[in-house]
Amino acid sequence: MTRHALRRYALRLVSLLTALGLWQLLTGLDVDIWLRFSQFPTVTDVAHAFAGRLTGSDYWTDLTDSLTRILAGFLLAAVLGVAVGVLVARSRLAEDLLGPVLEVVRPIPAIALVPVAILLFPSNEQGIVFITFTAAFFPVLVSTRHAVRALTPVWEEAVRTMGGGRWRILGSVVLPGALPGIFGGLSVGIGVSWICVISAEMISGQYGVGYRTWQDYTVVDYPGVFVGMVTIGVLGWVTSTAVELLGRRLTRWLPRTSYVPGGRSRSAVLPATASAPVPVVVEAEGDSQYQSDAQQQGSGETEQEARDEHLV
């Protein structure tokens, strides 16, 4: 690991510790300046409650149930979202048949479909998976559709000229070219899935992190509520990071951009092609005056040559 990477991880750790220290300070001193931090449990209270939950079996049962619901709904949404997104983007008939229905259902919040899930499915477990699926389906669908429509037609024409058929174009051009957009939708979808599955568990669940968090609130166990909130945050961060890492692994062929401080140099980066990389042209501040003088000298010589030709 390089020194730069260590510095970044250290900065992130300092940021997290600063937030926890500020939380402990405001709650420990019972600060009430418009916001009532005296009602909040301290970091130590939440840590003690967290340690107590880890030793029990209910915590791990809730964790397993929530993860199972998330994975089932999200994987189903990923497969169907990509498939329907490609179909709608590539077929006018599919867009005319499915587009109006999808656009009417898409603005409806997934949590608002809880009554529909209760009436439609025979068990609460299937209804919660349906809510999770609905929450992740539309971000994946929309991002896939836009990514496929944004592809350059030249790539498809090149495959056709070499004798490639429809499935060859789909596997060699459409899906690889749309992968960055697809994983963008997957990253958004996994986050929305966590929001909706927790809400669904609060309403109709029997086990799960959301259900346990709501139960702690009803019995006024605020440290337990924060234990559930921290668990949800950590699980959401871990799953989102896993999706992003998978996306980076599958799109290693993409050119990666790096941050260059603006105060050191000004750079103009030309877009790279698939055949050969394009060098980065970096113009130092001291060279701009030299190039300006050279351009002026060149323009003066051109004018002198024009005068000589006129005299001849």
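Model, not experiment: these values are computed from the prediction.

*Asks:* Hey, could you go over the overall build of the protein for me, with residue numbers and the actual values?
*Replies:* Helices and strands together make up the secondary structure of the protein, namely 11 helices and four strands. When each of the 312 residues of the protein is scored for burial, the buried share is 29%. For the protein, the proportion of contacts with a sequence separation of at least 24, taken over those separated by at least 6, is 65%. Carbon and sulfur atoms make up 64% of the accessible area of the protein, which amounts to about 20,700 Å² in all.

*Asks:* Just give me the short version of unusual backbone geometry, but keep the residues and values in it.
*Replies:* The phi dihedral of Trp 34 falls on the positive side, at around 65°, and the residue is not glycine. One non-glycine residue, Val 220, lies in positive phi territory at about 60°. Positionally, Val 220 belongs in the loop between helix H9 (209–218) and helix H10 (222–250). By relative accessible area, Val 220 is classed as exposed at 53%.

*Asks:* So what about the packing of helix H4 (residues 92–105) against helix H6 (residues 124–149)? Which residues, and what values?
*Replies:* Look at H4 against H6: their axes get within 12 Å of each other, and the N-to-C directions meet at 135°. As summarised for this structure, H4 and H6 are arranged oblique, according to the angle between their axes. Viewed along their axes, H4 and H6 form a crossing whose handedness is left-handed. Within the contact between the two elements, H4 uses Glu 95, Leu 102, Glu 103 and Val 105 and H6 uses Phe 137, Phe 138, Leu 141, Arg 145 and Arg 149. In the contact of H4 with H6, the residues fall into five nonpolar, no polar and four charged.

*Asks:* Outline the nonpolar core, supporting the account with residue identities and numerical values.
*Replies:* Counting 49 residues, the largest nonpolar core has Leu 102, Ile 131, Phe 137, Leu 186 and Trp 194 as the members making the most contacts within it. Among the secondary structure elements, those contributing two or more residues to this core are helix H3 (57–90), helix H5 (114–120), H6, helix H8 (166–204) and H10. Sort the elements by how many residues they give to this core and H8 lands first, with 14 residues.

*Asks:* Before we move on, could you go through the side chain of Ser 66 and cite the residues and values that matter?
*Replies:* Positionally, Ser 66 belongs in helix H3. With a relative accessible area of 0%, Ser 66 lands in the buried category. Only 2.9 Å separates the side chain of Ser 66 from the side chain of Glu 201, close enough to count as a polar contact.

*Asks:* Can you explain the pattern of salt bridges? Please cite residues and give values.
*Replies:* Per the stated rule, a full pass over the model turns up 10 salt bridges. With its nearest N and O atoms 2.7 Å apart, the salt bridge here joins Asp 216 to Arg 53. Highlighted residues: Asp 216 in helix H9 and Arg 53 in helix H2 (residues 43–54), separated in sequence by 163 residues. Judged by relative accessible area, Asp 216 falls into the buried class, the value being 7%. Among the residues examined, Arg 53 registers a relative accessible area of 22% and is labelled partly exposed. The residue Glu 95 makes a salt bridge to Arg 149 at a minimum N-O spacing of 3.0 Å. Residue Glu 95 is located in helix H4, and its partner Arg 149 is located in helix H6; the two are separated by 54 residues in the primary sequence. Among the charged side chains, a network of salt bridges with common partners joins Arg 53, Asp 216 and Asp 221.

*Asks:* Summarise the packing of aromatic side chains; cite the residues concerned and give the values.
*Replies:* The relative placement of two aromatic rings is captured by the distance of their centres and the angle of their planes. Counted according to the given criterion, the structure contains nine aromatic pairs. With 6.2 Å between their ring centres and 65° between their planes, Phe 37 and Phe 40 make a pair best called edge-to-face. Classification of Phe 37 by relative accessible area gives partly exposed; the value is 22%. Its relative accessible area of 40% is what places Phe 40 among the partly exposed residues.

*Asks:* How would you summarise the confidence of the model for the protein if you had to cite specific residues and measurements?
*Replies:* Do not read the fine detail of predicted coordinates wherever pLDDT is low. Predicted confidence across the protein gives a mean pLDDT of 81, with 82% of residues reaching 70 or more. The model gives residues 263–299 a pLDDT under 50, and that stretch makes 19 contacts with residues more than four places away or in other chains. Contacts of residues 301–312 to residues separated by more than four positions or lying in other chains number zero contacts, the stretch itself having pLDDT below 50.

*Asks:* Please set out the packing of H3 against H10 residue by residue, giving values where relevant.
*Replies:* Axis separation between H3 and H10 bottoms out at 12 Å; the angle between their running directions is 40°. The chirality of how H3 crosses H10 is right-handed. Along the contact surface, H3 presents Tyr 59, Leu 63, Leu 67 and Phe 74, while H10 presents Val 227, Thr 231, Leu 235 and Val 243. Residue classes in the contact of H3 with H10 are distributed as seven nonpolar, one polar and no charged.

*Asks:* How would you explain a nonpolar patch on the surface if you had to name every residue and give the values?
*Replies:* There is a patch of nonpolar side chains on the surface, built from Met 202, Ile 203, Trp 214, Tyr 217, Val 220 and Tyr 222 and spanning about 580 Å² of accessible area. Looking at the nonpolar patch, the elements with two or more residues in it are H8 and H9. Here Trp 214 is to be found in helix H9. A relative accessible area of 38% means that Trp 214 is categorised as partly exposed.

Rules and cut-offs
- Residues numbered from 1 in each chain as written.
- Predicted model: local features only at pLDDT ≥ 70, side-chain atom pairs only at ≥ 80, totals over all residues.
- Heavy atoms only, no water.
- Helix = DSSP H or I, 4+ residues; strand = E, 2+ residues; numbered from the N terminus.
- Buried < 20%, exposed > 50% of the residue type's maximum accessible area, 1.4 Å probe, protein only.
- Contact = heavy atoms within 4.5 Å.
- Areas by Shrake-Rupley, 256 points an atom, 1.4 Å probe, with all protein chains shown as cover.
- Axes fitted to C-alpha atoms, helices over the stretch in contact; angles between N-to-C directions.
- Parallel < 35°, antiparallel > 145°, perpendicular 65-115°, else oblique.
- Left-handed = near helix turned anticlockwise from the far one by under 90°.
- Nonpolar A, V, L, I, M, F, W, Y, C, P; charged D, E, K, R; others polar.
- Core = buried A, V, L, I, M, F, W, Y, C linked by side-chain atoms within 4.5 Å.
- Polar contact = N/O pair within 3.5 Å; in protein donor to acceptor, adjacent residues only side chain to side chain.
- Salt bridge = Lys/Arg side-chain N within 4 Å of Asp/Glu carboxyl O.
- Phe/Tyr/Trp six-rings, centres within 6.5 Å; stacked < 30°, edge-to-face > 60°.
- pLDDT = per-residue confidence, 0-100.
- Patch = residues over 30% accessible without salt bridge, like charges linked within 9 Å, V, L, I, M, F, W, Y side chains within 5 Å.

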